[in-house]
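Below are the chains, spelled out letter by letter.
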Amino acid sequence: MKILSKLLFLFILAAMLFSASACTVVQPWEREGLSSPVMQFDRDPIEKGLQEHHIDRREGSAGGNGSQSGGCGCG
Amino acid sequence: MGRLYLIFIVLLAIANYSANAQELPEEELQVNISSYFDNFNVNVVYPDISVKKSLSETTGINGRFLVDVMSCASMRSIFKNVYSTQHVKTYNNDIDAYTSATKNLNGGGDNDPDDYRLEGTFGITHILGDWTLSLTNIYSYEKDYTSNTLIGKVSMPFAKKNTIVDVGLIRSWDKISPQVKHWTADKDVISCDVSITQILGKNLLSQLNLSYSNAQGFLAEPYQVVKIFDFQHEDPAYSRTVQYYEPISPEHRNRVAAGLRTIYGLSEVSSITMGYRIYRDDWEIMSHTLSALYQRSFSDDKIIMGLGFRYYTQSSAYFYKKHYDTVYSYMTVDSKMKEMYTNDIHFNINVAGDKMPLIDNEDINFISSIRFYWRHTDSPDWHSGLYDLYAYMFSIGFKYSI
């Protein structure tokens, strides 16, 4: 339950930060820079999923990175 | 009644703040050939093909097929007498303990494939007003492991698309049936992911990712073997007697993670992404991840390059011990349970087809990446005795707009 409480606290904190930042709305016609391919978080989700899959098999943690990969028992 | 009214008001507010209609992903075919090699002599080559296709303006489907071809080519893991506190006495003979590949009768060292995994994915995406709903099924098959995963996801834009909230629910059912053992086991995992992407400025974008997962069932590594050293024996001649036991892990695990990453546009053609993730679970593993990625485009975005770095550190699980002198309730030799740090450096490049000699087709986009991964653990690997894992990953492929 302690973990869940901390997670909830983080979520509320982050939500407050995001809400505050959202007070300034960037209009669609002002987003030319944001539409550039270098401004994308995951340009190739398939490759990212495969790499995360390898990393998940070699480290003790998972999640919190915006990608999902299917389970398997392989190396 | 008051609570229902409140929910109704909140939903109405959400609907009012939602942005314009969403768009389906572009129709395309993607083919990749990827590979993995490390100094533990694990080699994996995995070709995959995926396709996205629209059925109507609001509905699209996607599918993917992947084959992992593994060569254990590594070692002979012969443990004639392995005791179990959970199952009947079992025998591991010539099993590759890293890839869980089949019997390595020829002693390894060759380059022939020893095991394979098939993975199929089918998904459907539907746009409902401002929301995008998707449902995906992933099925993975190996001769000693099957996994069935169902992913439901909803994406909701707010404030003229300045904020996108993604909520995903993932459920997987795994079945483990280790070679040369006479038992099977199940593993069930349920996870929830929440992702909030926020535009912070004309060249600043941030994303918060929160994850929770609960796993139940068989959570150990079935091919690993715990060595029990009898340090307490009265006669020195018998000290360090070794007995082999199956590892035992708790049968449930709760994991939480929170990650924040931000992209800042350095110029019209370059950006830097910085990320941090914190992770904690009830096996008392705590980890921190730092990442950075520099991206640069050339020739009107026809060529895009990225150079990234990732640093990771974690504490060990509460039941992990460097040495076991007796049988404990939980025992593991799994490297993932150890204190460790890792470094990862990667480079990728995408080139549009019309910039490639002889091809000259703008519908094709070539993609390639190279990655170097280094892991250092605070105690040597249970089998190889190595502290450090060095891995190399390569990927090459193309996307074709249908």
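This one's a predicted model, so the numbers in the text were calculated from it and none came from an experiment. (Residues numbered from 1 in each chain as written. Chains lettered and ligands numbered in written order. Predicted model: local features only at pLDDT ≥ 70, side-chain atom pairs only at ≥ 80, totals over all residues. Heavy atoms only, no water.)

Peer 1: Talk me through the overall build of chain A; I want residue IDs and the actual numbers.
Peer 2: In terms of regular secondary structure, chain A is built from two helices and zero strands. Sorting the 75 residues of chain A into buried and exposed places 49% on the buried side. Carbon and sulfur atoms provide 67% of the accessible area of chain A, an area that totals close to 3800 Å². (Helix = DSSP H or I, 4+ residues; strand = E, 2+ residues; numbered from the N terminus. Buried < 20%, exposed > 50% of the residue type's maximum accessible area, 1.4 Å probe, protein only. Areas by Shrake-Rupley, 256 points an atom, 1.4 Å probe, with all protein chains shown as cover.)

Peer 1: Account for the interface of chain B and chain A, with residues named and values stated.
Peer 2: Facing 99 residues of chain B, the contacting portion of chain A comprises 52 residues. Three residues, B:Lys202, B:Arg261 and B:Lys336, lead the burial of chain B against chain A; their summed loss comes to 10% of the area buried on that side. At the boundary of chain B and chain A, one finds four salt bridges. The closest approach of N and O atoms between B:Lys202 and A:Glu30, which form a salt bridge, is 3.9 Å. Counting across the interface, chain B meets chain A through 25 residue pairs in polar contact (both at pLDDT 80 or more). Ranked by the residues each element gives to the side of chain B that touches chain A, the list is headed by strand E14 (residues 252–265) of chain B, at twelve residues. (Contact = heavy atoms within 4.5 Å. Buried area = accessible area lost by both parts, 1.4 Å probe. Salt bridge = Lys/Arg side-chain N within 4 Å of Asp/Glu carboxyl O. Polar contact = N/O pair within 3.5 Å; in protein donor to acceptor, adjacent residues only side chain to side chain.)

Peer 1: Talk me through the pairing of strand E18 (residues 340–352) of chain B; I want residue IDs and the actual numbers.
Peer 2: Residues and elements named next belong to chain B. Of the strand pairs in this sheet, strand E17 (residues 303–314) and E18 are connected by twelve bridges, and their pairing is antiparallel. Note on E18: the bridge partner recorded for Arg 310 is Asp 344. The sheet contact formed by E18 and strand E19 (residues 364–377) spans 13 bridges and is antiparallel. The partner of Ile 349 across the bridge, within E19, is Ser 368. (Pairing = 2+ DSSP bridges.)

Peer 1: Could you give me a rundown of the nonpolar core, with the residues and numbers involved?
Peer 2: Grouped together as the largest cluster of nonpolar side chains are 14 residues, with contacts concentrated most on A:Leu50, B:Tyr36, B:Val42, B:Val44, B:Tyr46, B:Tyr373 and B:Leu389. The contacts of B:Tyr46, once residues within four sequence positions are left out, are A:Leu50, A:His54, B:Asn32, B:Ile33, B:Ser34, B:Ser35, B:Tyr36, B:Leu66, B:Val67 and B:Asp68. Counting residues in each nonpolar core, the second largest holds eleven residues, with B:Val189, B:Tyr279, B:Phe319 and B:Met337 among its members. (Core = buried A, V, L, I, M, F, W, Y, C linked by side-chain atoms within 4.5 Å.)

Peer 1: Explain empty space enclosed by the protein residue by residue, including any values.
Peer 2: Scanning all chains against the criterion turns up five cavities of 30 Å³ or more. Estimates place the volume of the second largest cavity at around 790 Å³. Taken together, 38 residues make up the lining of the second largest cavity; nearest its centre are A:Asp42, A:Lys48, A:Glu52, B:Arg261 and B:His346. Elements with a minimum of two residues in the lining of the second largest cavity: helix H2 (45–56) of chain A together with E14, strand E15 (270–281), strand E16 (286–298), E17, E18 and E19 of chain B. Looking at the lining of the second largest cavity residue by residue, the class counts come to ten nonpolar, 18 polar and ten charged. (1 Å grid on protein atoms, 1.4 Å probe; cavity = no way out; pocket = protein on both sides within 12 Å on 5 of 7 lines; lining within 4 Å. Points joined across faces, edges and corners; volume = space filled by probe spheres on them. Nonpolar A, V, L, I, M, F, W, Y, C, P; charged D, E, K, R; others polar.)

Peer 1: Pulling in residues and values, what's your account of the environment of B:Asp38?
Peer 2: Looking at the element boundaries, B:Asp38 is found in strand E1 (residues 28–38). Expressed as a C-alpha distance, the spacing of B:Asp38 and B:Trp374, which sit 336 residues apart in the sequence, is 9.6 Å. Discounting chain neighbours no more than four positions away, the residues touching B:Asp38 are A:Arg58, B:Leu389, B:Tyr390 and B:Ala391. Within the structure, the side chain of B:Asp38 is placed 2.7 Å from the side chain of B:Tyr36, a separation counted as a polar contact.

Peer 1: Please provide a residue-by-residue account of the pairing of strand E3 (residues 59–71) of chain B, values included.
Peer 2: All names here are of chain B. As defined by bridge partners, strand E2 (residues 43–54) adjoins E3 across ten bridges and the pair is classed as antiparallel. The residue of E3 that forms the bridge with Asp 48 is Leu 66. From the end of E2 to the start of E3, which pair antiparallel, there are four residues. In this structure, E3 lies alongside strand E6 (residues 115–128), joined through twelve bridges in antiparallel fashion. Within E6, the residue paired with Gly 60 across the bridge is Thr 125.

None of the figures reported here should be taken as evidence of function without further support.
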